[in-house]
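A look at the structure
Chain by chain, the residues run as shown.
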Amino acid sequence: MAVALSFVTTLAGCSSDEEKLVRAEEDLAAAIGPNKDDCAKMAQALTKLGESKGKEMQRLKNKVVPKAADAKKAFDARLDEKFAARRKAALEQMKGGMKCLLTDESVQRAML
């Protein structure tokens with residue numbers, strides 16, 4: 001419950017939907033990065049994140065991220081321009097977890 005309240009507070013403090021989406025990426029990275037060497041722990045962290053913030057993250061993604069490939073590419077470029085350091089840090093944190101993300105079934109289920 002505290003985690004869910006933290007997420008709501010975090011989103012309320014964000015100035016735009018784009019910033020909220022970047023914060024969601026950071027939350028995802030925080031679940032993946034520290035657990036890069038333990039797929040079971042990563043799956044647990046991702047499941048917990050999904051339970052506490054998943055619906056809000058999906059709602060935000062559906063609201064903000066364009067569906068068309070060209071528009072999505074332009075949107076990603078705009079996010080990279082506005083939030084370069086934050087997005088780069090999140091991506092770097094997630095890179096270490098690629099083995100689990102690509103090969104572990106429990107992690108893949110938790111990502112759905």
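Read on for a plain summary of the structure. Quick caveat, the model's predicted, so the values are computed rather than measured.

Parameters at a glance
- Residues numbered from 1 in each chain as written.
- Predicted model: local features only at pLDDT ≥ 70, side-chain atom pairs only at ≥ 80, totals over all residues.
- Heavy atoms only, no water.
- Salt bridge = Lys/Arg side-chain N within 4 Å of Asp/Glu carboxyl O.
- Helix = DSSP H or I, 4+ residues; strand = E, 2+ residues; numbered from the N terminus.
- Buried < 20%, exposed > 50% of the residue type's maximum accessible area, 1.4 Å probe, protein only.

Let us now look at the pattern of salt bridges. Pairing is possible between side chains of opposite charge, provided their charged atoms come close. Applying the stated criterion across every chain, the model contains 15 salt bridges. Close ionic contact of R23 with E26 constitutes a salt bridge, the shortest N to O distance being 3.4 Å. Taken together, the residues span about one helical turn, with R23 and E26 both in helix α2 (residues 17-32) at a distance of three residues. The class for E26 is buried, based on a relative accessible area of 16%. The salt bridge involving E25 is made with R87; its shortest N-O contact spans 2.8 Å. One end of the pair, E25, is in helix α2; the other, R87, is in helix α5 (residues 84-95), and 62 residues separate them in sequence. On the basis of relative accessibility, which here comes to 15%, the residue R87 falls in the buried class. Because the salt bridges share partners, they merge into one network encompassing E19, R23, E26, D27, K53 and R86.

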